[in-house]
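Take a look at the letters that make up each chain.
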Number of protein chains: 2
Amino acid sequence: MKYRRSPQYFIGVDVGGTKIEAVVVNMGLTEAAHSRVPVETENAGRVTESIALAIQNVLDEVQPGPQELCGIGLGIPGLVNDGKVHLAVNLNMDDYPLAAILSKRFGAPVALENDVRLAALGAYGYVQLQTQCQNMAYLSIGTGISAGLILNGQLYRGANGMAGEIGHVIIQPGGPVCSCGAHGCLESVASGHAIADTAREAVAAGRVSSLSACPLITTQDVFEAAEKQDPLALEIVGRVGRYLSQAIQWLVMGYDVERVVLGGGVTHTAEVFMPAVQAGLEQIRSESELAERMLPLEKVVLMPGDYNAGLWGAVRLARTIK
Amino acid sequence: MKYRRSPQYFIGVDVGGTKIEAVVVNMGLTEAAHSRVPVETENAGRVTESIALAIQNVLDEVQPGPQELCGIGLGIPGLVNDGKVHLAVNLNMDDYPLAAILSKRFGAPVALENDVRLAALGAYGYVQLQTQCQNMAYLSIGTGISAGLILNGQLYRGANGMAGEIGHVIIQPGGPVCSCGAHGCLESVASGHAIADTAREAVAAGRVSSLSACPLITTQDVFEAAEKQDPLALEIVGRVGRYLSQAIQWLVMGYDVERVVLGGGVTHTAEVFMPAVQAGLEQIRSESELAERMLPLEKVVLMPGDYNAGLWGAVRLARTIK
């Protein structure tokens, strides 16, 4: 008599500010179905319904039997502890037992994690395809800035699940006011928000730039202008590269990681972004032997723009549910 | 018939730039003997003889029988990997198999670690007497600056045993030249060295200060002058407090630790030092709710000046030898 093992499925979900992606994979991590739905952010209940819809979409395609759905991993922009979501301001969730709600609804265990921590886990999967490494930092540069850490081969959360929240460390004392209220946070000088704001202010102050023709001036506009050698845009992108290279040096010296992976919306214009970061790193390297040894070129890796690290991190989280 | 277990002894050794301390303890970590000898730094062999003398001193007092000396833990200012000491410039050691040499000599297993990493382990022992905590950073501020990390209850070394070497991250781009060659490293603006240098330069440039009466101006002189409200000294100490509070914020946000323990020579004038650091932290706290929540007063702890964290970290390391 042959023993036939029933299939096992895992679901990964990435909750963003505007859309939700879900994927279902089999034991071999092959994608069996994929769904993308907009997120309705009016209140926590509506967000939950959006998430449930994304999950139901992929389940409908695969139709697993009882016991075949083994786990759901989910990343969300907020502070996550004990299956609850805290301080997810844009999603109107605070002290919200999302894991329990979804687990009851789908009859499977659910694990939650902060979206950037999970993207770090996804990035680790990507890096491991290229190199054996046990320690890695993932630096997410988008509207905001945050990092996630893989230490000794494991996601490191810290005491409150906040490890890597370096967007709000002071990097330029007395600098621009940040959304958190402080002056000169990393996020206030190097995020997508900061890039657009700086350009708008400079243009409003009368700086001559091709950007003055843009109706609103977005981060993307600044990168495009930099690509066309606009001096103001080049100056802004160059400064961002210097601040980010300082942050990268902190991550390398502080954690002694083998790789720093850069991801997030701001990195997508790689042709302009990466040279700016590399120029900042080159400046740091050129001054000291120690920096040169600790910051070799290959240590800083760009995440491909079409790899959804958060989603694949969620799948990896789902696989670890016991 | 009674079963009588033979005693077990462990030795901890702290190698500094000028002296070596050794202690032998029993299973209950009670100190059985203590030795302090000067270190002869002419070459690696002489340093090793100094270390061996310190160990022999405590062994002579206790005279353990065969099998009773269970392990020797040793902290040394240098990069340590696989029982070898690298880049210990002041001790003339590089690629030096110190563990094997001492192990052969004393017939016991020997474990080495960088001195600041070990001091972190010792500091963790101290903190655990007061609070259950799993994640802790130890920031050593002496002639140089470095940190050691306890993450998830374990010493975190990183890929190369360099985790926590934050003395050489750039904190003030374009700032003073550091010993490493770079400009504006944390060490170049906030170490004992930096404090004395800044004062000397200011006095040489004609700044009016009681420090001009000091023959050389040491870090200690600056702290004493600050205690007597000398404006230049207060300014220097205040600035150091601000830089260190930035570093502390990085450690807290980056690692999400429950405690940051401050130690090292510069912290010994606590009456002047701690208010300067707390003023810097207060400034950071005052600007943002997040900072206020993440940097509460009790999170930053001063190591008592008479607790040799490095030595007790070495004892803890010896106890972990299998």
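Up top is the structure.
Now for a quick tour of the structure. (Residues numbered from 1 in each chain as written. Chains lettered and ligands numbered in written order. Predicted model: local features only at pLDDT ≥ 70, side-chain atom pairs only at ≥ 80, totals over all residues. Heavy atoms only, no water.)

### Let's talk about the side chain of S50 of chain B
Residue and element names in this part refer to chain B.
Then comes step 1: With respect to the helices and strands, S50 occurs in helix α1 (residues 44-62).
Then comes step 2: Looking at S50, its side chain comes within polar contact range of the main-chain nitrogen of E40, at 3.0 Å.
Then comes step 3: When near neighbours in sequence (up to four residues on either side) are disregarded, S50 contacts I20, V37, P38, V39 and E40. (Helix = DSSP H or I, 4+ residues; strand = E, 2+ residues; numbered from the N terminus. Polar contact = N/O pair within 3.5 Å; in protein donor to acceptor, adjacent residues only side chain to side chain. Contact = heavy atoms within 4.5 Å.)

### As for the packing of helix α7 (residues 231-255) of chain A against helix α7 (residues 231-255) of chain B
Then comes step 1: Where α7 of chain A meets α7 of chain B, the closest approach of the two axes is 12 Å, and the angle between their N-to-C directions is 75 degrees. Judged on the interaxial angle alone, α7 of chain B and α7 of chain A are roughly perpendicular. Together, A247, W250, G254 and Y255 of chain A of α7 of chain A and A247, W250, G254 and Y255 of chain B of α7 of chain B make up the contact between the two elements.
Then comes step 2: The residue makeup of the contact of α7 of chain A with α7 of chain B, split by class, is six nonpolar, two polar and no charged. (Axes fitted to C-alpha atoms, helices over the stretch in contact; angles between N-to-C directions. Parallel < 35°, antiparallel > 145°, perpendicular 65-115°, else oblique. Nonpolar A, V, L, I, M, F, W, Y, C, P; charged D, E, K, R; others polar.)

### Let's talk about unusual backbone geometry
Residues and elements named next belong to chain A.
Then comes step 1: Despite not being glycine, L29 has its phi angle at roughly 65 degrees, a positive value.
Then comes step 2: Mapping L29 onto the fold places it in the loop between β2 (19-26) and β3 (31-38).
Then comes step 3: You can call L29 partly exposed: its relative accessible area is 36%. (Buried < 20%, exposed > 50% of the residue type's maximum accessible area, 1.4 Å probe, protein only.)

### Some words on the interface of chain A and chain B
Then comes step 1: With 41 residues of chain A in contact, the opposing surface of chain B contributes 41 residues.
Then comes step 2: Across the chain A to chain B interface the summed buried area is about 3500 Å²; carbon plus sulfur atoms make up 59%.
Then comes step 3: Looking at the side of chain A facing chain B, the largest losses of area belong to Y156, W250 and D256 of chain A, adding up to 21% of the total buried there.
Then comes step 4: The interface formed by chain A and chain B contains 31 residue pairs in polar contact (both at pLDDT 80 or more).
Then comes step 5: Within the residue set of the side of chain A that touches chain B, elements represented by two or more residues are β9 (145-151), α7, α8 (270-287) and α9 (289-294) of chain A.
Then comes step 6: For the side of chain A that touches chain B, the element with the most residues is α7 of chain A, which contributes seven residues. (Buried area = accessible area lost by both parts, 1.4 Å probe.)

### Side note on the pattern of salt bridges
Then comes step 1: Applying the stated criterion across every chain yields a total of 22 salt bridges over all chains.
Then comes step 2: E235 of chain A is the partner of R239 of chain A in a salt bridge, and the nearest nitrogen-oxygen pair spans 3.2 Å. Residue R239 of chain A and its partner E235 of chain A are located together in helix α7, separated by four residues, close to a single helical turn.
Then comes step 3: Overall, the relative accessible area of 29% leaves R239 of chain A in the partly exposed class.
Then comes step 4: Classification of E235 of chain A by relative accessible area gives partly exposed; the value is 35%.
Then comes step 5: For R46 of chain B, the salt bridge goes to E40 of chain B, with nearest N and O atoms at 2.4 Å.
Then comes step 6: Residue class for E40 of chain B comes out partly exposed when judged on its relative accessible area of 33%.
Then comes step 7: Several salt bridges share partner residues, and in doing so they unite K19, E21 and R36 of chain A into one network. (Salt bridge = Lys/Arg side-chain N within 4 Å of Asp/Glu carboxyl O.)

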